[in-house]
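Read off the chains here:
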Amino acid sequence: MLQKPRGTRDFLPDEMERRRLIEQRMREAARRWGYREVCTPDFEHLELFTMKSGEGIIQEMYTFEDKGGRQMTLRPEVTAAVLRMYVNEGKVLPKPIRWCYIADCFRYERPQKGRYRQFWQFGVELIGADTASADAEVIMLARDVIGSSGATFDLRVGHLAPMKHLLSALSQEDQRAIMACLDKRDQGALEASLDEKDLGHLSEPLAALSECQTVAEVFEIAGDVPERARIEETFALLDAQGIDYQPDFGIARGLDYYTGMVFEGFARNLGAENQIVGGGAYRLAHLFGGDDVASCGFAIGFDRVMVSIGEFPLDPGTVVGVVSTPEARERALEVARAFRGAGVRTEVNLMQRGMGAQIAHAAKTADFAVVLGKREVDAGTVTLRDLHSGEQRECGLEEAIAEVARYGDR
RNA sequence: GCCAGGGUGGGGUAGACGGUUAUCCUAAGGGACUGUGGAUCCCUCGACCCGGGUUCGAAUCUCGGCCCUGGCCCCA
């Protein structure tokens, strides 16, 4: 038997309906903030992602050579593509640009709980607004979007400047190594790395920075960094709106392109892979030949949100099953068309079943049976049977449709 | 790439000291029932993940692979 590729999933109708419902709620949440949906190609030039994240990620991607000999890859994330799109065709749009997307991404990694080789991300990019208000908007929007799904999570907000300030005397390479340890919260590796570079004196302030409970404490440790006003303003905006978050200046995100504010969100009921959102302020457009525009965004792990909220009941809507004798088959199609025209989900019999078997089947899958036989065809009527109560009556088609519609409004 | 535990009809399972035709539930299709219900009864369909080895004989023992679950690494 042929199996689906490792780390991929099939979605049956029930699950697909749940996913579409949650997607729609997320889109709607973003729309209310003015974020409009965009779509980029499923595959891109490999270069787009190596320019952003380095050559090392090639082994984690689904890369291939196309028939023209071009090095291509299935997208491992969406931000780079959206910024490429901005450079290609978004430059002249009025700023700020507010875009959102939901897209599947591909990474060649070992699957585990909440991690698949094909997975979906819902994200936003806010381009061209380099302000505390922009930082705060993106964080509040992330809350709104995830909240719309019903998932709960812990939000942590930080800023890279204080940490970078502490590490300012170090080379880029050393900074990167230290921040990698901080990102992993690996105290042992951090100490070893600092000792090795004869930077033991940084151990205590770096640890203290990660422990800060308030923004004020941050500057006692890191000093009066130039970004101080911006940071204070961002956090003040969040506080004023009553946003529930934890300051965390130990977030390093291990990323080269984040420039300022960074944030992460974690679900409590997932396994080892419990981060459901990550984002921050960054600059990428200049890498792709555009202006050095400030941007801010986030990406939500849609599949993790779905795992986190679990199964929930669906409303299938009212279903009508049309039951007919062979001589009423054509009338059955007319009647079904009329119900569908009124917006009702209507299924006709396709099997060679007797009336009893048809009704038995309808009783399992529908709310109403519309029974059509010689009698109804001759009289120009339908028999409408309520499959929940067992009551039935013969009436005109329009009357039957009206009753079914009323049931849907109950 | 690494570690642990798994893999028996569509779903859930029994069988494991190697030995008849692999158990049961459920779902699905048909019939009893050619104008009316989910019940009942009957019938049908349908599985030992793949490949090598040991053996007279393997679902069972063994080796390798694939896949699943969780964890490590990684996480743009």
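Everything numeric in this text was worked out from a predicted model, so none of it was measured.

By secondary structure assignment, the location of Glu376 is in helix α14 (residues 374-379). Despite being buried, Glu376 has no salt bridge partner; Arg375 is the closest side chain of opposite charge, sitting 4.0 Å away. Here Glu376 is in contact with Val371, Thr381, Val382, Thr383 and Glu394, once residues within four sequence places are set aside.

Considering all chains together, one arrives at 31 salt bridges under this definition. Across the pair Arg156 and Asp248 runs a salt bridge, and its minimum N-O distance is 2.9 Å. Here the residue Arg156 occupies a position in strand β7 (residues 154-159), and Asp248 occupies one in the loop between β8 (246-247) and β9 (258-266), the gap between them amounting to 92 residues. Between Asp224 and Arg228 there is a salt bridge, and its shortest N-O distance comes to 3.2 Å. For Asp224, a relative accessible area of 61% puts it in the exposed group. Sharing partners across several salt bridges, the network here consists of Asp130, Asp135, Arg230, Arg283 and Asp292.

Turning next to a negative patch on the surface. Residues Asp14, Glu15, Glu17, Glu311 and Asp315 make up a contiguous surface patch of negative charge. As for its position among the elements, Asp14 is in helix α1 (residues 13-31). The class for Asp14 is partly exposed, based on a relative accessible area of 47%.

So, on to unusual backbone geometry. At the junction of Lys95 and Pro96, the peptide bond is cis and its omega measures out at 0 degrees in the coordinates. In this model, Asp198 sits at a positive phi of 60 degrees, which is unusual for a non-glycine residue. Mapped onto the secondary structure, Asp198 falls in the loop between α7 (187-196) and α8 (203-211). Accessibility expressed as a relative area gives 67% for Asp198, which makes it exposed.

Another point: the layout of surface pockets. Of the pockets and cavities examined, the second largest pocket occupies roughly 310 Å³. Taken together, 15 residues make up the lining of the second largest pocket; nearest its centre are Ser324, Pro326, Arg329, Asn349 and Met351. Contributing elements (two or more residues each) for the lining of the second largest pocket: α12 (329-341) and α13 (355-365). Considering each element in turn, the lining of the second largest pocket owes the most residues, three residues, to α12. Here the lining of the second largest pocket is composed, by residue class, of seven nonpolar, six polar and two charged.

Attention now moves to the packing of α12 against helix α15 (residues 397-408). Where α12 contacts α15, the two axes come as close as 10 Å, and the packing angle between them is 45 degrees. Considered as vectors, α12 and α15 are oriented oblique to each other. Once α12 is placed against α15, the crossing between them reads as right-handed. Packed against α12, whose contacting residues are Arg331, Val335, Ala338 and Phe339, the element α15 presents Leu397, Ala400, Ile401 and Val404 at the interface. The class makeup of the residues in the contact of α12 with α15 is seven nonpolar, no polar and one charged.

What follows deals with the domain arrangement of chain A. Accessible area lost upon the coming together of the parts is a frequently used measure of interface size. Here the domain parsing of chain A yields domain 1 (13-309) and domain 2 (319-408). Inter-centroid distance (C-alpha atoms) of domain 1 to domain 2 is 53 Å.

Across the sheet, three strands lie side by side as β2-β4-β3; this open sheet has antiparallel pairing. Two strands in the sheet have a free side with no partner beyond their single neighbour: β2 (43-45) and β3 (63-65). Taking each pair of neighbouring strands and ignoring which way they run, the sheet shows an average axis angle of 35 degrees. With respect to the sheet, helix α2 (residues 46-53) is in contact with β2, β3 and β4 (71-74), its orientation differing from that of β2 by roughly 70 degrees.

Two aromatic rings are characterised by how far apart their centres lie and by the angle between their planes. Tallied over the full model, the rule gives nine aromatic pairs. For the ring pair Phe235 and Phe249, a centre distance of 5.5 Å and an interplane angle of 25 degrees mean the geometry is stacked. Of this pair, Phe235 sits in helix α10 (residues 228-240) while Phe249 sits in the loop between β8 and β9, and the two are 14 residues apart along the sequence. Accessibility assignment for this pair places Phe235 and Phe249 in one class, buried. Members of the aromatic cluster, each reached through a chain of ring pairs, are Phe235, Tyr245 and Phe249. For the cation-ring pair, Arg18 lies above Phe312, with the distance from its terminal atom to the ring centre recorded as 5.6 Å. Above the plane of the ring of Tyr108 lies Arg117, whose end atom (NZ or CZ) is 4.0 Å from the centre.

The rules behind the values
All residue numbers here refer to positions counted from 1 along the written sequence of the relevant chain. Here chains are named by letter from A upward and ligands by number from 1 upward, in the order in which they appear as written. Totals for whole chains, interfaces and linings use all residues, but because this is a predicted model, local features are given only for residues with pLDDT of at least 70 and pairs of side-chain atoms are given and counted only at 80 or more. Note that the side-chain values use all heavy atoms of the structure and ignore hydrogens as well as water. To qualify as a helix, a DSSP run of H or I must reach at least 4 residues; to qualify as a strand, a run of E must reach at least 2; elements of each kind are numbered from the N terminus. Buried, partly exposed and exposed residues are distinguished by accessible area as a fraction of the type maximum, computed with a 1.4 Å probe on protein chains only: under 20%, between the cut-offs, and over 50%, respectively. Charge assignment: positive for Lys and Arg, negative for Asp and Glu; neither His nor the chain ends contribute. By convention in these notes, a salt bridge is any Lys or Arg side-chain nitrogen within 4 Å of a carboxyl oxygen on Asp or Glu. Only heavy atoms enter the contact rule, under which two residues are in contact if any of them lie within 4.5 Å. The patch calculation keeps residues exceeding 30% relative accessible area without a salt bridge and links them within 9 Å when they carry like charges or within 5 Å when they are nonpolar (Val, Leu, Ile, Met, Phe, Trp, Tyr). All accessibility values rest on the Shrake-Rupley procedure with a 1.4 Å probe; residue burial counts only the protein chains present in the view. Taken as the charge location is NZ of Lys, CZ of Arg, CG of Asp or CD of Glu. Both cavities and pockets are sets of points on a 1 Å grid over the protein atoms alone; in a cavity a 1.4 Å probe fits but cannot get out, in a pocket the set is open with protein on both sides within 12 Å along at least five of seven lines, and lining residues sit with an atom within 4 Å of a point. Grid points are joined across faces, edges and corners, and a volume is the space filled by probe spheres set on the points. As a working rule, the residues Ala, Val, Leu, Ile, Met, Phe, Trp, Tyr, Cys and Pro are called nonpolar, Asp, Glu, Lys and Arg charged, and the rest polar, with Gly in that last group. Note on definitions: angles span 0 to 180 degrees between N-to-C directions of axes, and those axes are lines fitted to C-alpha atoms, for helices only across the stretch in contact. Should an angle fall under 35 degrees it is taken as roughly parallel, and over 145 as roughly antiparallel, whereas 65 to 115 is taken as roughly perpendicular and any remaining angle as oblique. Left-handed describes a crossing in which the near helix is turned anticlockwise from the far one by less than a right angle; the clockwise case is right-handed. Where each domain begins and ends follows an automated or database-derived domain assignment. Only strands that DSSP links by at least two bridges are regarded as paired with each other. Ring geometry is summarised as follows: Phe, Tyr and Trp rings, the Trp one being its six-membered ring, pair when their centres sit within 6.5 Å, and such pairs are stacked at plane angles under 30 degrees, edge-to-face over 60 and tilted between the two. Both a distance and an angle decide whether a charge sits over a ring: NZ of Lys or CZ of Arg must be within 6 Å of the ring centre and within 35 degrees of the ring normal.

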